[in-house]
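This is what each chain is made of:
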Amino acid sequence: DKIKCRINVDIFSSDKDPHGAGLKLKYGYVDFKSVVPNGKITVGLQKTYWGTIYDWKYITIEKALEDKEKIIASADYGITANADIVGGMGEWQLGIYNGEGYKKYKSNVNKYPALVANLRLIPIPGITAGGSILYEKKEESERINTSVVCRIAGGPLDFWGECIVAKTDESKFNKLGIMVMPILRLSPKFELVGRIDYWNKDTTEQKNAYYRIISGFNYYLLKLKKGKPGVMLQVNFERKQYEDPNKEAENELLLQLRWEFSTNPF
């Protein structure tokens, strides 16, 4: 009862040689419960507990901002301590990771570990606030990524906000990102979704930023229940507007039929 294991694979299509489908290991870890009070120790290829990426539910079809801009990998090899705060007041995680993400291995993984800390606090029901930091020190450079997250949920309204400041290995400048995402649930099966992203890849230069504006809805044809399938229709209109007047805006209409299922333990 005190040891739990998980393995997930990522199956994907590719237009790169050789053509066809590819296979990656996404999760492969062991949980040791009761080592940490109200928590566990996790060893192996696991979630990266940073920002919104580790509990991103894809309410929009688009990825989390930090995932979309490749600031943080959604999973990585490492060892973490995870625990709930007493009284349902939140959660915390401390971890040491490779820092390169689950898609890289061998020569693409350096010898410098990435240290990650994450905290979520729920001072009163419906309000969540927290932050994350990743630090990786190398011989001649360092990587420092920070995130501040807030959530306000009450009645039919659910509002998410995030601010990201990132300093990558190869740069001396900061990257800045902001995401706001309101969700309005009109019924148990239907919700309206809006999202605005701001991303500046170099805060020392002008006209480097863009805005991503998303609007749409989610319709749950079948609500997901434990051990049962769920089916969801997502429709999003996405517009990418650049600060640089010489770049034209990009528009996309995205439709996705999403099927999810979960099984009881073997």
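Everything below is about the structure printed above this text.
Residues numbered from 1 in each chain as written. Predicted model: local features only at pLDDT ≥ 70, side-chain atom pairs only at ≥ 80, totals over all residues. Heavy atoms only, no water.

Trainee: Which parts of the structure should I look at to understand the pattern of salt bridges?
Mentor: Side-chain pairing between opposite charges can occur once the charged atoms of the two side chains come close. Summed over all chains, the structure comprises 13 salt bridges. Where Glu136 meets Arg143, a salt bridge forms, and the shortest distance between an N and an O atom there is 2.8 Å. Classification of Glu136 as buried rests on a relative accessible area of 0%. The buried category is assigned to Arg143, whose relative accessible area is 9%. When the shortest N-O distance is used, the salt bridge between Glu142 and Lys167 registers 3.9 Å. Here Glu142 is found in strand 8 (residues 142–154), whereas its partner Lys167 is found in strand 9 (residues 157–167), with 25 residues between them in sequence. Among the residues examined, Glu142 registers a relative accessible area of 22% and is labelled partly exposed. Three or more residues are tied together by salt bridges with common partners; here these are Glu69, Arg195, Asp197, Arg212 and Glu238. (Salt bridge = Lys/Arg side-chain N within 4 Å of Asp/Glu carboxyl O. Buried < 20%, exposed > 50% of the residue type's maximum accessible area, 1.4 Å probe, protein only. Helix = DSSP H or I, 4+ residues; strand = E, 2+ residues; numbered from the N terminus.)

Trainee: Which parts of the structure should I look at to understand the packing of aromatic side chains?
Mentor: The geometry of an aromatic ring pair is captured by the separation of the ring centres together with the interplanar angle, meaning the angle of the planes. One pass over the full model with this rule turns up five aromatic pairs. Between Tyr49 and Tyr54, the aromatic rings sit 5.1 Å apart at their centres with planes inclined by 55 degrees, giving tilted as the arrangement. This pair shows no difference in class: Tyr49 is buried, exactly as Tyr54 is. Positioned above the aromatic ring of Tyr220 is the side chain of Lys223, whose terminal nitrogen or guanidinium carbon lies 3.9 Å from the ring centre. In this structure, Lys240 packs its charged tip against the face of Tyr210, placed 4.4 Å from the ring centre. (Phe/Tyr/Trp six-rings, centres within 6.5 Å; stacked < 30°, edge-to-face > 60°. Lys NZ or Arg CZ within 6 Å of the ring centre and 35° of its normal.)

Trainee: Just checking my understanding: could you explain the pairing of strand 13 (residues 230–242) for this structure?
Mentor: Residues in a regular strand point their side chains to alternate faces of the sheet. Where strand 12 (residues 209–222) and strand 13 come together, twelve bridges link them in antiparallel fashion. Residue pairing across strands places Ile213 opposite Arg239, the latter belonging to strand 13. Sheet topology note: the strand 13/strand 14 (residues 250–260) ladder contains eleven bridges and is antiparallel. In the strand pairing of strand 14, Glu238 is matched with Glu252. (Pairing = 2+ DSSP bridges.)

Trainee: Got a minute to help me understand unusual backbone geometry in this structure?
Mentor: Glycine aside, residues mostly have negative phi, and peptide bonds are mostly found in the trans state. Positive phi, normally seen in glycine, also occurs at Asn38, with a value near 60 degrees. In this structure, Asn38 sits in the loop between strand 2 (20–33) and strand 3 (39–47). A relative accessible area of 52% means that Asn38 is categorised as exposed. The phi dihedral of Lys70 is positive, around 60 degrees, even though this residue is not glycine.

Trainee: Help me understand a nonpolar patch on the surface, please; the structure alone is not making it clear to me.
Mentor: The grouping of Ile3, Phe32, Val35, Val43, Ile79, Ile96, Leu115 and Tyr135 at the surface amounts to a nonpolar patch, some 670 Å² of accessible area in total. Here Ile96 is to be found in strand 5 (residues 90–97). With a relative accessible area of 39%, Ile96 lands in the partly exposed category. (Patch = residues over 30% accessible without salt bridge, like charges linked within 9 Å, V, L, I, M, F, W, Y side chains within 5 Å. Areas by Shrake-Rupley, 256 points an atom, 1.4 Å probe, with all protein chains shown as cover.)

Trainee: Can you walk me through the side chain of Asp67 in this structure?
Mentor: Within the element layout of this structure, Asp67 appears in helix 1 (residues 65–68). Buried Asp67, no salt bridge; nearest opposite-charge side chain is Lys63, N-O distance 4.5 Å. Excluding anything up to four places from it in sequence, Asp67 contacts Ile53, Tyr58 and Ile72. (Lys, Arg positive; Asp, Glu negative; His and termini not counted. Contact = heavy atoms within 4.5 Å.)

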